[in-house]
Amino acid sequence: MDKQDNFNLAKAYEPQEYEAEIYRLWEESGFFNPDNLSEGKESFTISMPPPNATGILHLGHASTLAYQDLMIRYQRLRGKKTLWLPGTDHAAIATQTKVEKILAEKGVDRHSLGREKFLEKVKEYVADSQGTIRNQIRKIGSSCDWSREAYTFSDSLSVAVNEAFVRMYNDGLIYRGYRIVNWCPRCASTLADDEVEYQEQLGKLYYIKYGPFVVATTRPETKLADTGVAVNPEDTRYQDYLGQVLEIDLAGHKIKVKVFADAQVDSEFGSGVVGVTPAHSAVDYDFAQKNDLEIIKLIDEQGKIMSTGGKYAGLTVLEAREKFVKDLEAAGQIEKIEDLENNLSICYRCDTPIEPLTSEQWFVAVDKKIPGRDQTLKELAIQAVKNKEIKIVPDRFSKVYYHWMENLHDWCISRQIWWGHQIPVWYSEDQKMIVAISEEDALKKAGGQKIARDPDTLDTWFSSSLWTFSTLGWPEKTKDLDLFHPTSVMETGYDILFFWVARMILMSEYLLESKPFETVYLHGMIRDKEGKKMSKSLGNGIDPIEMIEKFGTDALRLSLIIGSSPGADLRLYEEKIEGYRNFVNKLWNISRFVFSQVGEIKITENLPKTETLADAWILAEFNLLIKEVTENLETFKFSLAGEKLYEFTWSKFADWYLEVAKIEKNKDEILLYILPRLLTIWHPFTPFVTEVIWEQFKSDKFLMINQWPKADESNQEAQENFKDFIDLVTQIRNIKAENKIPPVEFVDCYLESQVLSSADLEVVAKLGRVNLKTEEITGENFASFKSRGQIKAAKAMTEKEKEDLEKYIKSLEAKLGNKAFVENAPPEVVADNQKRLEEAKQKLAN
């Protein structure tokens with residue numbers, strides 16, 4: 001049989017022709033499901049961070065999926081029962097905001113629809129969006145178990161949410177309280193502290209004459225509800241006023257303030273005096289608690305001034321500011337106004353400025369001791385990382401985690417929106433509060449009275465904090481929960497370490513008394529070529545699906561993994577993805593070449609015997625590769641593993657060994673030993689192209705469930721000796737290039753070596769394209785560590801070149817024979833001419 005006809009691979013790899021069909025075959029095989037993998041094996045589990053049910057996947061999602069699929073495919077090849085559990089997040093505020101915008105385009109708002117009809121519209125939108133997201137997750141090549149797909153707002157997860165709420169309430173860890181919260185007037189809902197973002201702005205610092213003081217503030221309108229004045233205890237200017245209650249007239253608006261001292265006040269900032277507005281500042285609220293100040297609410301949930309603001313009632317915050325400042329100026333109470341760069345608090349979803357205000361909300365008490373455990377939720381979450389139960393990669397984020405957790409305030413979990421888990425609290429006709437798992441349970445507790453449910457919904461992060469175990473059947477004691485929890489790795493972006501990862505640790509440690517995962521692997525943000533954050537406004541975003549259609553999934557995956565490091569941002573641009581498309585084609589062409597060289601395409605089962613140094617070298621390098629890549633993947637050094645694979649495949653295997661194989665011939669055993677194993681190692685990185693090539697081996701199983709290769713001992717002597725081989729070839733090629741000898745032109749060369757055989761030297765000569773001589777020749781000398789040689793580097797001169805050189809030599813001889821030139825010219829000029837003469841004569845002699 002002709003070797004060219006024993007395989008069926010097109011000349012070029014066109015990913016669009018294969019990827020959809022390959023994925024369909026994988027999915028239909030059932031091997032994404034760990035139940036169909038070998039029994040009795042160690043498990044490896046990843047809970048996929050659920051993308052929001054609000055549209056399409058972006059590069060951040062693609063990065064997460066690429067890393068996680070790499071880990072899952074690697075561990076599956078290692079023989080573990082791998083579970084990668086997919087799902088989506090109902091994303092309360094984000095989804096409701098999206099649907100409201102869609103309805104607004106039709107002139108409809110949620111209030112005109114009513115709660116039930118609006119929620120139907122949201123459910124329709126989510127269902128459509130989930131279909132899009134599922135298809136895009138498949139496009140990335142994600143080998144997740146679709147039979148276990150979860151949704152944070154499913155019936156089963158809703159049961160888990162209610163169970164968690166009730167347990168925490170019964171333990172005194174959830175309470176309803178009147179406290180300062182972050183309020184978004186646009187979303188008409190509270191936000192957790194870490195859902196508030198900050199935008200730099202050029203604001204104003206107003207110096208207001210304030211009774212006996214001058215108060216500096218960026219928000220003069222809030223002074224209408226001041227109930228305190230704070231100064232630093234070391235500031236001697238104001239000692240006489242401490243403890244006094246003063247009546248202050250602000251352009252006709254009268255307030256009463258208590259003067260007190262607190263070390264938090266910076267006496268160097270502004271006037272060193274702070275007007276305290278407890279209802280509209282978290283810091284001031286704490287001042288009020290410590291100093292027994294009255295709390296007067298000034299701004300309502302629509303961002304407007306309330307009746308407590310006197311004649312400014314009904315105005316928006318900005319309108320009130322403008323009018324109040326004019327009134328203060330008219331009253332002569334503005335001392336000065338300065339420009340000031342400061343941070344504006346904005347909603348992370350809609351960019352609306354946040355209003356800190358007091359409101360009755362539901363909170364998780366993070367500093368309260370858990371009954372029977374003598375620890376707080378905060379302490380549980382900190383201890384899990386400090387005790388090394390959970391490893392954070394990279395480790396530097398552990399310090400950031402501690403800092404955030406140690407400064408964590410009670411978590412506001414209620415939201416004033418319709419889409420989300422409704423808080424499991426009902427109120428009976430006699431206004432008794434009933435906390436229950438279900439409405440049926442609440443009715444029983446109500447003793448026949450009618451009940452009404454609390455209209456608030458839960459913060460999205462409350463339900464997603466249960467993700468690792470609620471998706472495995474909790475609160476039931478299921479087989480999945482026993483086998484797959486704690487999960488193995490939580491891979492996600494460092495930007496949600498606090499939003500989500502910390503809350504998962506907190507909830508799992510409390511509800512299950514165990515960690516949610518062994519390791520947290522944090523990847524960075526994806527940036528453009530110049531290092532700028534990708535955004536719609538800058539127009540520098542990259543659509544991962546477009547890149548897949550243009551360059552293939554494997555190329556995109558490689559571009560997201562190679563060159564990255566944990567916790568560091570990654571620059572991504574189209575040329576980089578294109579470069580990895582070229583590598584995928586290189587792997588394809590390497591495989592085509594191997595198949596064209598062998599008599600029969602079959603896998604060499606046992607380590608083949610080596611006939612030449614090149615054979616021993618490539619097997620030694622391959623064994624080292626297996627060892628190093630395995631270690632890299634076990635220690636989350638994904639980029640390093642990819643770089644080593646790339647270098648071996650393109651340089652050592654293709655550029656060196658395959659070129660030697662063309663000369664030495666009869667390499668079937670070694671080629672068919674290395675290629676299938678090399679495809680196996682590449683599979684977690686580039687699953688599609690490797691699976692297509694693997695089909696040529698006519699195996700009875702997918703490459704996806706093949707066995708990860710084991711490394712044998714490496715032949716270090718062969719590795720060292722082959723360095724001489726490579727060095728000789730490289731030097732010969734370089735000398736020819738330096739002397740402008742075309743690569744295809746053969747020149748004479750002599751070689752001798754302490755470690756390379758005569759057969760090896762013949763291969764060196766063929767690769768270097770030189771005529772090997774048995775005796776030393778006159779030419780340029782070169783040497784490696786244990787080998788040396790001479791090469792006739794000078795190109796044969798034409799008669800015209802020879803005549804010109806002879807004339808040049810005569811002119812130099814005449815100049816140097818001139819006694820006046822030699823005596824009067826600078827010594828270095830004379831020496832230079834002598835050197836040129838010697839070089840010209842040597843060139844003529846060669």
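What counts as what
Sequence positions are assigned chain by chain, starting from 1 and proceeding in written order. At least 70 in pLDDT is required for a residue's local features to be given in this predicted model, at least 80 for side-chain atom pairs to be given and counted, and no such filter applies to totals for whole chains, interfaces and linings, which use all residues. Excluded from the side-chain calculations are hydrogens and water; all other atoms, namely the structure's heavy atoms, are used. A pair of strands is considered paired only if DSSP assigns at least 2 bridges between the two. Counting from the N terminus, the helices are the DSSP runs of H or I reaching at least four residues and the strands are the DSSP runs of E reaching at least two. Note on geometry: axes are lines fitted to C-alpha atoms, helical ones only across the stretch in contact, with angles between N-to-C directions running from 0 to 180 degrees. Contact criterion: two residues are considered in contact whenever any of their non-hydrogen atoms come within 4.5 Å of each other. Buried residues of nine kinds, namely Ala, Val, Leu, Ile, Met, Phe, Trp, Tyr and Cys, make up a nonpolar core once their side-chain atoms join them within 4.5 Å. Relative accessibility thresholds used throughout: buried, under 20% of the residue-type maximum; exposed, over 50%; partly exposed, between the two (1.4 Å probe, protein chains only). Any angle from 65 to 115 degrees is called roughly perpendicular, while one under 35 is roughly parallel, one over 145 is roughly antiparallel, and all others are oblique. The directions from the helix axis to the C-beta atoms are what the arc is built from.

**What about the sheet that holds strand S27 (residues 770-773)?**
Reading across the sheet, the 4 strands line up as S27-S26-S29-S28 and stay open at both edges, with mixed pairing between neighbours. At either end of the open sheet lies a strand with only one pairing partner, and these are S27 and strand S28 (780-783). For this sheet, the mean inter-axis angle between neighbouring strands, taken without regard to orientation, is 30°. Inspection of the sheet shows strand S26 (residues 747-753) paired to strand S29 (residues 787-791) by 5 bridges, in the antiparallel sense. In the strand pairing of S29, Leu 751 is matched with Gly 789. Packing of helix H23 (residues 716-738) onto the sheet brings it into contact with S26, S27, S28 and S29, and relative to S28 it is tilted by some 155°. Strands S26 and S27 of the sheet are contacted by helix H24 (residues 758-768), whose axis makes an angle of about 155° with S27.

**Notes on the nonpolar core**
Counting 122 residues, the largest nonpolar core has Phe 653, Tyr 657, Ile 674 and Phe 725 as the members making the most contacts within it. Not counting the four nearest positions on each side in its chain, Tyr 657 is found in contact with Ala 614, Asp 615, Trp 617, Ile 618, Lys 652, Lys 667, Ile 670 and Leu 671. Judged by nonpolar contacts, the second largest core, of 75 residues, contains Leu 85, Ala 192, Val 196 and Phe 499.

**Some thoughts on the packing of helix H6 (residues 155-170) against helix H15 (residues 497-511)**
Two elements in contact, H6 and H15, have axes whose closest approach is 12 Å; the angle formed by their N-to-C orientations is 70°. On the basis of the axis angle, H6 is roughly perpendicular to H15. Here Ala 164, Arg 167 and Met 168 of H6 lie close against H15, whose contacting residues are Met 507, Tyr 510 and Leu 511.

**Here we look at the sheet that holds strand S12 (residues 273-276)**
Each strand in a sheet pairs with its neighbour through backbone hydrogen bonds, running either in the same direction (parallel) or in the opposite one (antiparallel). Ordered in space as S10-S11-S9-S12, the 4 strands form an open sheet in which the pairing is mixed. Pairing within the sheet leaves two strands with one partner each, and these edge strands are strand S10 (245-250) and S12. Here the average twist between neighbouring strands, direction ignored, is 35°. Where S10 lies against strand S11 (residues 253-261), 6 bridges are found, and the strand directions are antiparallel. Each bridged residue has a counterpart across the sheet, and for Asp 249 the counterpart in S11 is Lys 254.

**Digging into the pairing of strand S9 (residues 228-231)**
Neither face of S9 is open: one carries Gly 228 and Ala 230, the other Val 229 and Val 231, and all of them are buried. In the sheet, S9 pairs with S11 via 4 bridges, with the strands oriented parallel. Along S11, the bridge assignment pairs Val 229 with Val 259. Sheet analysis places S9 next to S12, joined by 4 bridges and oriented antiparallel.

**Side note on helix H1 (residues 19-29)**
Every buried residue belonging to H1 is among Glu 19, Ile 22, Tyr 23 and Trp 26, and all of these are buried. Seen end-on, H1 carries its buried residues on one side only, within an arc spanning 95°. Facing away from the buried side of H1, by more than 90 degrees, are the exposed residues Ala 20 and Glu 28. Turning to H1, the residues buried within the fold contact helix H2 (59-77), helix H5 (115-139), helix H16 (544-551), helix H17 (553-561) and helix H22 (687-694).

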